[in-house]
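Here's the letter readout for the chains.
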Amino acid sequence: MTQPILELRNLTRHFDVGTGGMFSARRGLVRAVEDVSLTLEHGQTLALVGESGCGKTTLARMLLRLLPPTSGQVLVDGQDVATLLGSTLRAFRTKVQAVFQDPWASLSPRMKVFDIVAETLVVNERLTKGELTRRVDEALTSVGLRPEQARLYPHEFSGGQRQRIAIASAIIARPKLMILDEPVSALDVSIRSQIMNLFKDIQTEYGCSYVIVAHDLGTTRYMADRIAVMYLGRLVEVAPTDEIFDLPRHPYTEALLSAALPLRPRKDRAEAIQLSGEVPSPMNPPSGCAFHPRCHRVIDGRCSSDIPVSQSIGPAHRVACHLYSG
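Quick caveat, the model's predicted, so the values are computed rather than measured.

Conventions and cut-offs
- Residues numbered from 1 in each chain as written.
- Predicted model: local features only at pLDDT ≥ 70, side-chain atom pairs only at ≥ 80, totals over all residues.
- Heavy atoms only, no water.
- Pairing = 2+ DSSP bridges.
- Helix = DSSP H or I, 4+ residues; strand = E, 2+ residues; numbered from the N terminus.
- Axes fitted to C-alpha atoms, helices over the stretch in contact; angles between N-to-C directions.
- Contact = heavy atoms within 4.5 Å.
- Core = buried A, V, L, I, M, F, W, Y, C linked by side-chain atoms within 4.5 Å.
- Buried < 20%, exposed > 50% of the residue type's maximum accessible area, 1.4 Å probe, protein only.
- 1 Å grid on protein atoms, 1.4 Å probe; cavity = no way out; pocket = protein on both sides within 12 Å on 5 of 7 lines; lining within 4 Å.
- Points joined across faces, edges and corners; volume = space filled by probe spheres on them.
- Nonpolar A, V, L, I, M, F, W, Y, C, P; charged D, E, K, R; others polar.

Q: Quick question: what am I supposed to make of the sheet that holds strand S11 (residues 311-314) here?
A: Strand pairing in a sheet takes place through backbone hydrogen bonds and is either antiparallel or parallel in direction. Strand order in the open sheet formed by eight strands is S6-S7-S8-S3-S9-S10-S12-S11, with mixed pairing between adjacent strands. With one partner strand each, in any of the chains shown, strand S6 (96-99) and S11 form the two edges of the open sheet. Sheet twist, expressed as the mean angle between neighbouring strand axes with direction ignored, is 20 degrees. Against the sheet, helix H7 (residues 189-206) contacts strand S3 (45-49), S6, strand S7 (177-181) and strand S8 (209-213), and its axis sits at roughly 155 degrees relative to S8.

Q: For this particular structure, what's the right way to read the nonpolar core?
A: Side chains of nonpolar character tend, in soluble globular proteins, to be buried together. Counting residues in each nonpolar core, the largest one holds 57 residues, and the members touching the most others are Val117, Ile167, Met178, Phe199 and Tyr210. With residues near it in sequence (within four places) discarded, Phe199 still touches Val99, Ile167, Met178, Leu180, Pro183, Tyr210 and Met223. Ranked by size, the runner-up nonpolar core spans 31 residues in total, among them Val33, Cys54, Ala60 and Phe92.

Q: For this particular structure, what's the right way to read empty space enclosed by the protein?
A: Rolled over the atoms, a probe as big as a water molecule pinpoints where empty space is left. Within this structure, the stated rule accounts for two cavities of 30 Å³ or more. Space inside the largest cavity adds up to approximately 80 Å³. Residue lining of the largest cavity: 13 residues in total, with Pro251, Cys289, Cys295, Cys303 and Cys321 positioned closest to the centre. Of the residues belonging to the lining of the largest cavity, the class tally is nine nonpolar, three polar and one charged. In this structure, the second largest cavity occupies an estimated 40 Å³ of space. Taken together, Val49, Leu217, Ile227, Val229, Ile244, Phe245, Thr253, Leu256 and Leu257 make up the lining of the second largest cavity. Going through the elements one at a time, strand S9 (226-231), helix H9 (241-246) and helix H10 (251-259) are the ones with two or more residues in the lining of the second largest cavity. Looking at which element gives the most residues to the lining of the second largest cavity, the answer is H10, with three residues. Looking at the lining of the second largest cavity residue by residue, the classes come out as eight nonpolar, one polar and no charged.

Q: What's the story with unusual backbone geometry in this structure? I'm lost.
A: A negative phi holds for most residues other than glycine; trans holds for most peptide bonds. One non-glycine residue, Glu182, adopts positive backbone phi at about 50 degrees. Secondary-structure assignment places Glu182 in the loop between S7 and H7. A residue is classified by how much of its surface remains accessible, and Glu182, at 8% relative accessible area, is buried. For Leu232, which is not a glycine, the phi torsion comes out positive at approximately 50 degrees. Residue placement: Leu232 occurs in the loop between S9 and strand S10 (234-240). What makes Leu232 buried here is its relative accessible area of 8%.

Here it is as structure tokens:
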């Protein structure tokens, strides 16, 4: 059996924070990510979706080794990334790359495009100037830019072009795994489809895998093979993309999809599910199922007292909901 490119084992991240004034000794615990287990196969795309504050970005930062987990493991090609040192850590830095939401923030305005794109190779590999130039030229060409544009600065490009530069800086190391954090949300609608198609072309050419953090369900439907739905730090449903959109099982997934504009409007489309209240604080999550105070299918007593266990309801479909626990 082929080893997955990415495996998360009971991944948890808590933040210890102050709860009072500047000099208060009172502390609280933010449960940002709680007991997440997932796998991603080579050449596949997994999307993480959910409302703001559900833990998607914290999870992505742990995948990139920017945050250590409180407990659990992140394994890339079978290696626990928290244990990597020296040459194995440098190999990880080339194997796993990221593209972030805002190209203005992710590109240094003081660096020329050549230096931005080449930086990963300069830090992690030993190449001659000629080899480095050839790799930068190839990366820029792959994302639809001209090699001579390497002499320019980021402010001399449009938003879509800046995101192409960010993508070039990620693919130059020929990574196996790319973390895409809202990669098209800061772009004009007219540019988004171009960038999404570019990602798909890169995946076909290089065989890399993607983890996409996204709010836009249209983006996830177009790009993802599987979708993982998060609520208040926990996974509530994981399934192939078509199954999520055609037959969502968790009430929260149903609400997310009903609130989104349909890609193919239908006369028989059900009325949007209105979620009551706000997302609870991760410092004080509800007892039992965290979604139960807002759920339109709540089971009295059980949902408020027992945390649902993720279980299989199909060959590749898992859901954590008492509606399916018998």
